[in-house]
Structure formats: C-alpha cells, structure tokens
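Close look at the chain arrangement
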Amino acid sequence: MDLIYRSTRNDNETATASQAILKGLANNSGLFVPTEIPKLDVGIDELVRMNYQETAYAVMKQFFTDFTEEELKYCIEHAYDDKFDTPDIVPIIKAGEAYHMQLFHGSTIAFKDMALSILPYLLVTAAKKNNVKNEIVILTATSGDTGKAALAGFADVPGTKIIVFYPKDGVSPIQEKQMVTQKGDNTYVVGIKGNFDDAQTGVKKMFSDVELAKEMDAAGYQFSSANSINIGRLVPQIVYYVYSYAKLVSNNVVSKGTAMNVVVPTGNFGNILAAYYAKQMGIPIKTFICASNENKVLFDFFQTGTYDKNREFILTSSPSMDILISSNLERLIYKIAGDDAEKCAELMKALSEDGKYTITDEMKKNLNDFVGVYTTEEDTAKAIKRMYNDIGYVMDTHTAVAAQGYYQYIEKTDDRTPTVIASTASPYKFTRSVMNAIDPAYDSKTDFELVDELSKISRTPVPKAIEEIRTAPVLHDTVCEKDQMLAEVKKILGI
Ligand SMILES: *Cc1c(COP(=O)(O)O)cnc(C)c1O
C-alpha cells in the first residue's frame, strides 16, 4: 500500500509521494507530511555494510512508495555520482570532541547539494508517473546559495529548464560568479535591479498567474519549485543521519542500539527535521541540538514555547542561517500537536497575522529531545580560530556556530554521548570570514588570494567548484528591471 501524505493544515488534502513532490506546497500554504513516518526495514548490521547510495535506497523506498525500485535507483545513481569529490559522498571526520559529518562534497560545496542533486530526477520521474507531458520549468529567486545548488542540480537534466533570478547587487562576488558561469543549455540566470524580496515577490506572482499558466501549458511548459519545503528535498536529508549512525557503529564509537546526539546549524529547520525523522525511522538519537546564530528565534522558542519573529533581522557571517521564519518547523509543530491539522493551521495563522504563536504545555512536553543553543559572531570567529590552533582543522562559519553551540552544551550538561555535528559548508565557500577569524591581517587580500592561503594553512586542495570559477567564462549576463521579470521569462520560453 502506498504511503499517503497530507497537508499540515488540512486533513482532507492528500497526495501520493510523487504528487507531493510535483506540487511542492499543499494548498493554503500547508506542507505535505507522511501520515505515518515509516520505519526502516533493514537492521543495523545491514546498514553497516551499505555504501551511501544503498543507504539512500533503504531510506527513500520507505517514503517514496509509488516509485519503482528501478526508478528510485536510477535517481540515486545519477544524483550521488562523481559530482561528489569523494566516493564516500559524506565523510565523517573526528574534529575535537565531536564527529563532523561533511555535507559539502557536492558540486556547490554546501549541504543543499545533498538534496538538490536528486530532486531534479525525482521531479522528472514524478512528472512521468502522473502523465505530465509538459516540460518542467523551475523558477527560483535566490539570495545566493540555493540558486547555484539548484542550477547545478538541474543543469542538462532532460525534460527541465531552470530560471534563477538574483538581486544584481545583493550577492557576494563569489556567489555571483558561481551562478553566471553555470553551464547547461537549459539554465538561465537573470540579475534584477532590486533586492532579494523583489526577486521573491516577482517569482511568487508568476507562480500564481493563471493566465501565464495557460499560455505556458499551450506551449508545453509548466512551473515547479525546488524550494526547501518540498518533501523531495526533505527525505534525501534523512539518509545522512542513518549513514553516519551506521559509520559510528562500524567504527565502534557507539555500540549497536546505543544513542548518538546530533548538532545542526539551523535556518529553515529542514536539516534538523530530517534528523528527527531519522529517529522516528528507528535510528537511536538522544538529543537534537539546534544551533542558531544571532538570529536566535529558534533558541528562544525551545526555551519558552513562544515563536516570535518580531525582532531585528541581523546580517551575520553565517548568512544561510539568517532566517526569522523557519518554514519546516511547521512539520514539527504538526507532529507535537498530535498530527492535529486544525491546531497547526491556527498557530500558523497567528504567525502570519501577529508574527508569533505559543504552543501548549502538552506540545512542549513532546519537545524534550530538542535543545536550542546559539552563538554570537564573536564566539563563532573564536571557535574557528581555536579549532585551527588546536588541531589544524578549518571549519566554515555555519559549522562553527554548531561546534561552539555543542561546546556550550557539554559545558552545561556534561553529556558525553557521542555526537555528530552537521558540517554544512566548505570553508572555501566563506573564505573571507573564515580567514579573518584565524587572523584579521588576511583581510587585505583578494578573494582568490585567500583561497590559496586557506589551501596552504589547511593542507587541503582547492575544491573543483572554486577552481572552476577562477577562470570560467561568464555565460549569463542578462540584467532586468524588477518589473520586467515576467517579460524575461516569456522571452526565455519563447511565448
Ligand atoms: C541552508 C543552510 C543551513 C540551514 O539549513 P536548514 O535546513 O535551512 O536549517 C545551514 N548551513 C548552510 C551552509 C546552509 O546552506
């Protein structure tokens, strides 16, 4: 029997896995959740013998039950291939007291590659399964990282086109270079004269433009979204928690059935929610340590039970965590409310109207496995420097937020449970902040000089993703006014 998904805001809206992947978001902004989180049907002895791709299959087949074995294996093999610079896909490395699960070995050297490498294949397969004949057009607005990871994932995937809008003056030089050098005949990158919100608003407008949808359909196109609330992005993230637990067992760090802790640098709450799902599947995880930067809305939530986004937005050196609305938290809220869509819808309504909500005491009890921690900018830099001085290992700023959060957690609790830290980006992606943390004198150097210095001091080769953009030709130079986005899309699609 197929696993059914339903909306966190309406019990009556259901979908199969492939339908939920195609649709992305449920109606009225609800999120699709499985009616029951499936258990793994393989034991730890088997998991220990599996490579990354086999583990991925063991996890995904439980969630994507309307995909055939052949389809799923095809998706997995094309996603986790030599785009990754190591056959391990996710190496697990002891650094200090904890085990760093390196999620940055894919094409854009950040953890979003883990899901965006496979989403295009899942989407195309889901489209076939549901007799969608149109070509899928992915439309995305980006503040930097997601755009590049989506471009890399969808480049040259048959049956798809991808159009990315970014704020022309609102991304870092390296981020811009990564996008405008993107290869692939089906990729389009457009800078807009406006900020990220303008780009986001323009994209949302097109998604809900009924006339445009008709014109596109007539020309054989339809839109889809690659955004992080798609279950096609969430489920692939469960895999690395299962995989890293099996690695800790096979390395005798934990004995079979004994729990580990996880620390996750958190923004939209997707990554840590995947860890929570891994536990429901049967992986023993004791504590979920949710690490925030100075935008500590989640830390406050776990302390008080009140989620309150009415606060100043702070730009930090870990920009991928600069978020005040953690969209995927809604799936946890739904769960701790006892799968109560009505309650969940009520709280989300309060969030959109008042910018805050408070959970009940009973719901709060269901959060006992979660601990919030947060790290200031100053301590993030100190953590990078200390780790480098102690063992010569260089972390990126997001990982450093988690590592410092973990340090505070053990200081306070003395909980010595073996711990995995989700290391979400390569230090090469945030070179300036990382090098400045180690020595402020580096600040006078250019971005690429810093890359070479980092390679020297960390004794690691410069990743292909960075080496490539050093010399790559610019392939996308379109810039438009913010009210010309629709015209740009029509031009690209020839409609
Ligand atoms: C997106 C991102 C995060 C936050 O992950 P969520 O799933 O949104 O919580 C953390 N670190 C890096 C480097 C990221 O790109």
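Residues numbered from 1 in each chain as written. Predicted model: local features only at pLDDT ≥ 70, side-chain atom pairs only at ≥ 80, totals over all residues. Heavy atoms only, no water.

Things to note about the nonpolar core
For clarity, the threshold we go by: Nonpolar cores are built from buried Ala, Val, Leu, Ile, Met, Phe, Trp, Tyr and Cys residues. Side-chain atoms within 4.5 Å join them into one set. Classification of residues uses two cut-offs on accessible area relative to the type maximum, computed with a 1.4 Å probe and protein chains only: under 20% is buried, over 50% is exposed, and between them is partly exposed. Only runs of H or I of at least four residues qualify as helices and only runs of E of at least two qualify as strands under DSSP, and these elements are numbered from the N terminus. Two residues qualify as a contact provided that any one of their heavy atoms is within 4.5 Å of a heavy atom in the partner residue.
Counting residues in each nonpolar core, the largest one holds 117 residues, and the members touching the most others are Phe63, Phe64, Ile333 and Tyr357. Per-element tally for this core: the top contributor is helix H11 (residues 231-250), with 13 residues. When sequence neighbours within four positions are dropped, the list of residues in contact with isoleucine 333 reads Phe301, Cys344, Leu347, Met348, Tyr357, Ile359 and Met363. The next biggest cluster of nonpolar side chains, apart from the first, holds 35 residues, and it includes Val373, Met395, Tyr428 and Ala465.

Concerning the sheet that holds strand S2 (residues 10-15)
The criterion, for reference: Strand pairing requires that DSSP identify at least two bridges connecting the strands. Between N-to-C directions, angles span 0 to 180 degrees; the directions come from axes that are lines fitted to C-alpha atoms, helices contributing only their stretch in contact.
If you walk across this open sheet you meet the three strands as S2-S1-S3, and the pairing is antiparallel. In this open sheet, the two strands that pair with only one neighbour each are S2 and strand S3 (32-34). Recorded for the sheet is a direction-independent mean angle of 40 degrees between the axes of neighbouring strands. Pairing of strand S1 (residues 5-7) with S2 involves three bridges; the strand directions are antiparallel. By the bridge assignment, arginine 6 is partnered in S2 with threonine 14.

Overview of the pairing of strand S4 (residues 92-95)
Summarising the sheet, S4 and strand S5 (residues 98-102) pair through four bridges and their orientation is antiparallel. Among the inter-strand pairings, isoleucine 93 is bridged to a residue of S5, identified as histidine 100. Hairpin connection between S4 and S5: a loop of two residues separates the two successive antiparallel strands, and glycine 96 in this loop has a positive phi of roughly 70 degrees.

Regarding the packing of helix H14 (residues 329-336) against helix H15 (residues 341-354)
This is how it is decided: Small angles under 35 degrees read as roughly parallel and large ones over 145 as roughly antiparallel, with 65 to 115 read as roughly perpendicular and the rest as oblique. Handedness of a crossing is defined here by the sense of rotation of the near helix relative to the far one, left-handed for an anticlockwise turn of less than a right angle and right-handed for a clockwise turn.
Look at H14 against H15: their axes get within 8 Å of each other, and the N-to-C directions meet at 135 degrees. Classified by the angle their axes make, H14 and H15 are oblique. Crossing of H14 against H15: the hand is right-handed. Of the residues in H15, those touching H14 at Glu330, Ile333 and Tyr334 are Ala341, Cys344, Leu347 and Met348.

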